[in-house]
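Each chain, written out:
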Amino acid sequence: MSAQKKRNFKIEAFKHRVELDPNYAERTWRVLEHAIHEIYNHNASGLSFEELYRNAYNMVLHKYGEKLYSGLVNTMTGHLKEIARSIEAAQGGFFLEELNVKWGDHNKALQMIRDILMYMDRTFVPSNHKTPVHELGLNLWRDNIIHSSKIQTRLLDMLLDLIHRERTGEVINRGLMRNITKMLMDLGSSVYQEDFEKPFLGVSASFYSVESQQLIECCDCGEYLRKAERRLNEEIERVSHYLDVKSEVKITSVVEGEMIANHMQRLVHMENSGLVSMLVDDKYEDLSRMYNLFRRVPDGLSTIKDVMTSHLRETGKQLVSDPEKLKDPVDFVQHLLDEKDKYDKIISKAFNNDKTFQNALNSSFEYFINLNNRSPEFISLYVDDKLRKGLKGVSEEDVEVVLDKVMMLFRYLQEKDVFEKYYKQHLAKRLLSGKSVSDDTERSMIVKLKTECGYQFTSKLEGMFTDMKTSIDTMQGFYSSQYSEIGDGPTLAVQVLTTGSWPTQPSAPCNLPAEIVVICEKFRTYYLGTHTGRRLTWQTNMGTADIKATFGKGQKHELNVSTYQMCILMLFNSADQLTYREIEQATEIPPSDLKRCLQSLACVKGKNVLRKEPMSKDIAEDDAFYFNDKFMSKFFKVKIGTVAAQKESEPEKQETRQRVEEDRKPQIEAAIVRIMKSRRVLDHNTIVTEVTSQLQSRFLPNPLDVKCSQHLEVLYWWMKQKDRREFGLVNGIPFVFYQSPNCIMVADPPPSMTNGANDIAAQSAGRSIPSSTSSRKVPKKENKAMREKMKRDHLNELFLELGQSPDKLSWCGHLINTKVEVPEPTRQNNGKASILVDVARLLRDLLAQVEALRKENVALVNESRYVTGEKNMLQDGKTVLKSEVEQPQNELHERMQCDPMAESQDRSDYTSPNLRQLLNTTIPMQQQLVGPLYDIALRQDLSSLRDAGTSPSSPKVPSKVSRPHARYPTPSNTWSLELLSRSTAQQ
């Protein structure tokens, strides 16, 4: 089977030719045409679709497809024309119904015809590039029905009229509308868009333009927005019922443009109902509606944000500048927090937590909070109030909420270093008076500040807590060591404060009572005995005291007073009446503090343990004070506070501001150093920007402070010449000179500015100072323009001489001593004269620094010579001691060789373990530079030798070793000769 050849089968045509009837095509077409007529006439039930399909198949098979296709077109066209006449005859509302019915019949007939002509649709149509049967039927319907001159306009008018009636509140047949619009979409997107959508959008724009104009005139903002939102929702619903989905974006944009975008500015600024009114009245629903509508149009949210920001800044500006609100710092900060909570709630509930509005809110608060330069102080006072008493009985969660709100305001501060100053003062008072709510709350606040600003910001605050804990341990040690000596005297509780961690407060000396002075001295002795290198300074203005007092009728009370008040009250143990001058002289309390203390003791109702004559609220220097025997209180413990002002006085404000400014200068200079080390060369604007970005976490540096930072050798040059740069030296430091407006001349500091200054000083000794008479003078009789020109030329020559001079120090002295005609430094000018004055001032400072370093160098050289002399003296002494030790050793060695008995005796007497240990220990140590280290050990061992049996009255040979300087321990330098004399006596 495998070897046989495979046969190829082939189907051959008939041997004889098949002859067709010439009338076959015509006869078959008539059958198909009749069937099409019957289908359109709804008589398709009697047709044999199998036979019709076979006839259409045979026509295509026998090359009569063209006749079949053209006949189909003509037949369907004829029927559609009859349908068009039927639709045109429909009246009123029946027009759309008739159109819808005929469209349904046409689709059914088209489906049947396509099934009959399926073979033609599959073979003839693609090969001859004809339109498929179904698409052909749709095209014929479009051309003969929809685009009919009598139907097209009428159809569009009817559709738009129905939509208008629905917009005005009437109910329409949405099912019929859906079928008609679907018919247009089935006929093609171009038909739907051109014949319906474009006119529909145009009519809608006109409708909403008119309606919006009517509504804006008669409605307030909230009502208008409600109606606009309803219209927008209606259009979205309309699209979902009977329009194309793609039409939703187009129709909503029309509504948004006509009802919102065109009236946006008028809506937000509408009086008594616009955005500002909504913000004031907390209309969250209207605000949310405005946000949702305005976000649909371009620049909608930015419009809301701008209006809200403007209103918020204006409101905040009024708040921080209102004198009534500024009277109480706690209420002031509480108003800020309430305002912040209000707008946070608005943004959360109405604006969907939009980051744009949150940023606008933050920028607005930062703007108006920093308008008041006392905001850092007020926020610190608010925290102080809450941590003293405001958070008592509050849960930990609520405490954290309050602290987080405070930190939120703290982030808005540009002068965080000012807040640090005040917060440190207030924290110190809370800790020292023991009035803090809890240490955990205090530490939680410090942790938040540390997280926000870093470790450097809170290092001193944490040191304050460390001092408080250390003070408790110190007092426990004090009382345990002084328990037997204290007795029944007053009890003392001391907080030892580190100077660098606590705020410095100047305290005037105060005369304490004798009982207090005794125990204070005991504590001073104990503390200085346990700690070396420390100094105690009593801060009497920060202390408190508990005094037991007995009033008339034997009534006893325990008074809690300040240290100053205690000193005043203790005076009345020995006197019943004292004048103001006597009290001032006895206590030496500062007058301002004394008056406040006397006011609290004599003028406060219910706490007046003293009487004042004459009675008044103010304290005068001729007032007299008496002990109030009639004082009564229902409490055993009576706390008498000191009358103190809530606000800082003007001198205190200026002092605090000055301290802050002084603390800022090193930070600015350090920032410039860091920047210039990494960037090397920068222009003026860039370096100011860099410094600001680095320091804005603590404060906002003033560009003028950056400009005037002289310690970093930063000089500015404004020269109205061509832009060029030159490299030169100023004080031995390389600079890049930018001789163009608004540029900076930056130095690259050398490793040691001191060495550079000394080198320049050394070089200046050999250079002659230019004479002031050789410089060019300005003639007095020239006109003003010529004199100004010559002044400029003169200054240019000075600058060029500065840049070219190899010896800058001598030139500086010439510049300082030369009478250059330049404006005074206080006069406002921006020319080279002011720069020259600044340069002269800087160079004077540099010369002063060089002179100070020169003096210090001389002092160090003298001290070095003194130390060298002492060193040489000690080395000479060491050599003498070595020779003296070797001499008795040699003698002992010779005697032991000559007399064996003496050798044994010497061994028993002189080579005891102590002596052996002594010699083995001291001889190596003699090689050290500092002798006193071993003298103490030698003296201890020699004392044991004397006790062993030597006579203490042995003669002493005077030593040849000179005594060292008194600053060193005095050594015993005669032990070797004593040892030699002792051995001689025994012999």
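All values derive from a computational prediction rather than experimental measurement. (Residues numbered from 1 in each chain as written. Predicted model: local features only at pLDDT ≥ 70, side-chain atom pairs only at ≥ 80, totals over all residues. Heavy atoms only, no water.)

## Some remarks on the overall build of the protein
Phase 1: When helices and strands are counted, the protein shows 39 helices and 10 strands.
Phase 2: By residue count, 41% of the 987 residues in the protein fall in the buried class.
Phase 3: For the protein, the accessible surface area stands at approximately 56,200 Å², while carbon and sulfur atoms represent 51% of it. (Helix = DSSP H or I, 4+ residues; strand = E, 2+ residues; numbered from the N terminus. Buried < 20%, exposed > 50% of the residue type's maximum accessible area, 1.4 Å probe, protein only. Areas by Shrake-Rupley, 256 points an atom, 1.4 Å probe, with all protein chains shown as cover.)

## Re helix α30 (residues 684-695)
Phase 1: Between its first and last C-alpha, α30 extends 17 Å over 12 residues, near the 16 Å set by a 1.5 Å rise per residue.
Phase 2: Of the residues making up α30, those classed as buried are H684, I687, V688, V691, T692 and L695. For α30, the buried positions fall inside an angular range of 135° around the axis, keeping them on one side. (Expected span 1.5 Å × (residues − 1). Arc of directions from axis to C-beta.)

## Section: unusual backbone geometry
Phase 1: Note that the residue after E613, namely P614, is joined by a cis bond; omega there is -5°.
Phase 2: Tracing the chain through its elements places P614 in the loop between β4 (610-613) and β5 (624-627).
Phase 3: Even without being a glycine, H42 presents a positive backbone phi close to 65°.
Phase 4: As for its placement among the helices and strands, H42 is situated in the loop between α1 (24-40) and α2 (49-61).

## Focus on a negative patch on the surface
Phase 1: Side chains of E396, E397, D398, D439 and D440 sit close together on the surface and give a patch of like negative charge.
Phase 2: Residue assignment for the negative patch shows that the elements contributing at least two residues are α20 (396-412) and α22 (439-453).
Phase 3: Counting residues per element, the negative patch draws most heavily on α20, which supplies three residues.
Phase 4: Within the secondary structure, D440 sits in helix α22. (Patch = residues over 30% accessible without salt bridge, like charges linked within 9 Å, V, L, I, M, F, W, Y side chains within 5 Å. Salt bridge = Lys/Arg side-chain N within 4 Å of Asp/Glu carboxyl O. Lys, Arg positive; Asp, Glu negative; His and termini not counted. Charge placed at Lys NZ, Arg CZ, Asp CG, Glu CD.)

## Description of the side chain of T303
Phase 1: Structurally, the position occupied by T303 is in helix α15 (residues 300-321).
Phase 2: In contact with T303, not counting residues within four places along its chain, are M264, Q265 and V268. (Contact = heavy atoms within 4.5 Å.)

## A closer look at the nonpolar core
Phase 1: Among the nonpolar cores identified, the biggest contains 82 residues, and M290, F294, F351, L409, Y423 and L449 are the most heavily contacted of them.
Phase 2: With residues near it in sequence (within four places) discarded, M290 still touches C221, L225, V268, L275, M278 and I304.
Phase 3: Membership of the second largest hydrophobic core comes to 65 residues, among which are A44, L72, L136 and I180. (Core = buried A, V, L, I, M, F, W, Y, C linked by side-chain atoms within 4.5 Å.)

## Side note on the pairing of strand β2 (residues 556-562)
Phase 1: Burial within β2 is extensive, with five of its seven residues counted as buried.
Phase 2: Judged from the seven bridges that link them, strand β1 (residues 544-550) and β2 form a sheet pairing that is antiparallel. Residue pairing in the sheet places D546 in a bridge with N560 of β2.
Phase 3: Turn length for the β1-β2 hairpin, with the two strands adjacent in sequence and antiparallel, is five residues, and the turn residue K553 shows positive phi of about 65°. (Pairing = 2+ DSSP bridges.)

## Section: the packing of aromatic side chains
Phase 1: A complete count under the given rule lists 22 aromatic pairs for this structure.
Phase 2: Ring centres of Y69 and F124 lie 6.4 Å apart, and the angle between their planes is 50°; on these two criteria the pair is classed as tilted. Placement of the pair is Y69 in helix α3 (residues 65-89) and F124 in helix α5 (residues 118-127), with a sequence separation of 55 residues.
Phase 3: Sitting above the plane of the F410 ring, K416 keeps its charged end 5.7 Å from the centroid. (Phe/Tyr/Trp six-rings, centres within 6.5 Å; stacked < 30°, edge-to-face > 60°. Lys NZ or Arg CZ within 6 Å of the ring centre and 35° of its normal.)

## Here we look at the sheet that holds β1
Phase 1: Pairing in this open sheet of three strands is mixed, and the strands run β1-β2-β6 from one edge to the other. Each having just a single partner strand, β1 and β6 (637-639) make up the two edges of the open sheet. Between one strand axis and the next, the sheet turns through 25° on average, direction left out of account.
Phase 2: Most of the contacts of helix α26 (residues 563-571) go to β2, to which it runs at about 130°, and overall it touches β1 and β2. (Axes fitted to C-alpha atoms, helices over the stretch in contact; angles between N-to-C directions.)

## Thoughts on the sheet that holds strand β3 (residues 577-579)
Note on sheets: strands pair through backbone hydrogen bonds, and any given pair is parallel or antiparallel.
Phase 1: Within the open sheet, the three strands sit side by side as β3-β5-β4. Their pairing is antiparallel. Every interior strand has two partners, whereas the edge strands, β3 and β4, have only one. Taking the axes of each pair of neighbouring strands and ignoring which way they run, one obtains an average angle of 25° across the sheet.
Phase 2: The pairing of β3 with β5 spans three bridges and is antiparallel. Directly across from T579, in β5, lies its bridge partner A624.

## Some thoughts on the environment of P503
Phase 1: As for its position among the elements, P503 is in the loop between α24 (483-486) and α25 (514-530).
Phase 2: Put simply, P503 and L427 are 76 residues apart on the chain and 9.7 Å apart in space, counted from C-alpha to C-alpha.
Phase 3: Excluding its chain neighbours within four sequence positions, the residues that come into contact with P503 are K424, Q425, A428 and M464.

## What to know about the pattern of salt bridges
Phase 1: Enumeration according to the criterion identifies 45 salt bridges in this entry.
Phase 2: Among the salt bridges present, the one from K198 reaches E194, with a minimum N-O distance of 3.0 Å. Placement of the pair is K198 and E194 together in helix α9 (residues 189-218), with a separation of four residues, close to one helical turn.
Phase 3: Across the pair D344 and K340 runs a salt bridge whose closest N-O atoms are separated by 2.9 Å. Taken together, the residues span about one helical turn, with D344 and K340 both in helix α17 (residues 329-349) at a distance of four residues.
Phase 4: Each of E166, R167, R174, E235, E237 and R238 takes part in salt bridges that share partners, so that together they form one network.

## What to know about the packing of α2 against α5
Phase 1: At a minimum axis separation of 8 Å, α2 and α5 run at an interaxial angle of 20°. Considered as vectors, α2 and α5 are oriented roughly parallel to each other. Crossing of α2 against α5: the hand is right-handed. For the pair formed by α2 and α5, the contact residues are Y53, Y57, V60 and L61 on the first element and M118, Y119, M120, T123 and F124 on the second.
Phase 2: In terms of residue class, the contact of α2 with α5 is built from eight nonpolar, one polar and no charged. (Parallel < 35°, antiparallel > 145°, perpendicular 65-115°, else oblique. Left-handed = near helix turned anticlockwise from the far one by under 90°. Nonpolar A, V, L, I, M, F, W, Y, C, P; charged D, E, K, R; others polar.)

## Brief notes about the confidence of the model for the protein
Phase 1: Model confidence for the protein is summarised by a mean pLDDT of 75, while 73% of its residues fall at 70 or above.
Phase 2: Counting interchain partners and residues more than four positions distant, the pLDDT-below-50 stretch residues 710-782 has 148 contacts. (pLDDT = per-residue confidence, 0-100.)

## What to know about the packing of helix α8 (residues 174-186) against helix α10 (residues 221-242)
Phase 1: With their axes 8 Å apart at the nearest point, α8 and α10 run at an angle of 70° to one another. Put simply, α8 runs roughly perpendicular to α10. On α10, the residues touching R174, M177, R178 and T181 of α8 are E237, H241 and Y242.
Phase 2: A class-by-class count of the residues in the contact of α8 with α10 yields two nonpolar, two polar and three charged.

## Quick look at the state of the cysteines
Phase 1: Scanning all chains against the criterion turns up zero disulfides.
Phase 2: No disulfide involves C520; its nearest neighbouring cysteine sulfur is the one of C567, lying 9.9 Å away.
Phase 3: The class for C520 is buried, based on a relative accessible area of 7%. (Disulfide = S-S within 2.5 Å.)

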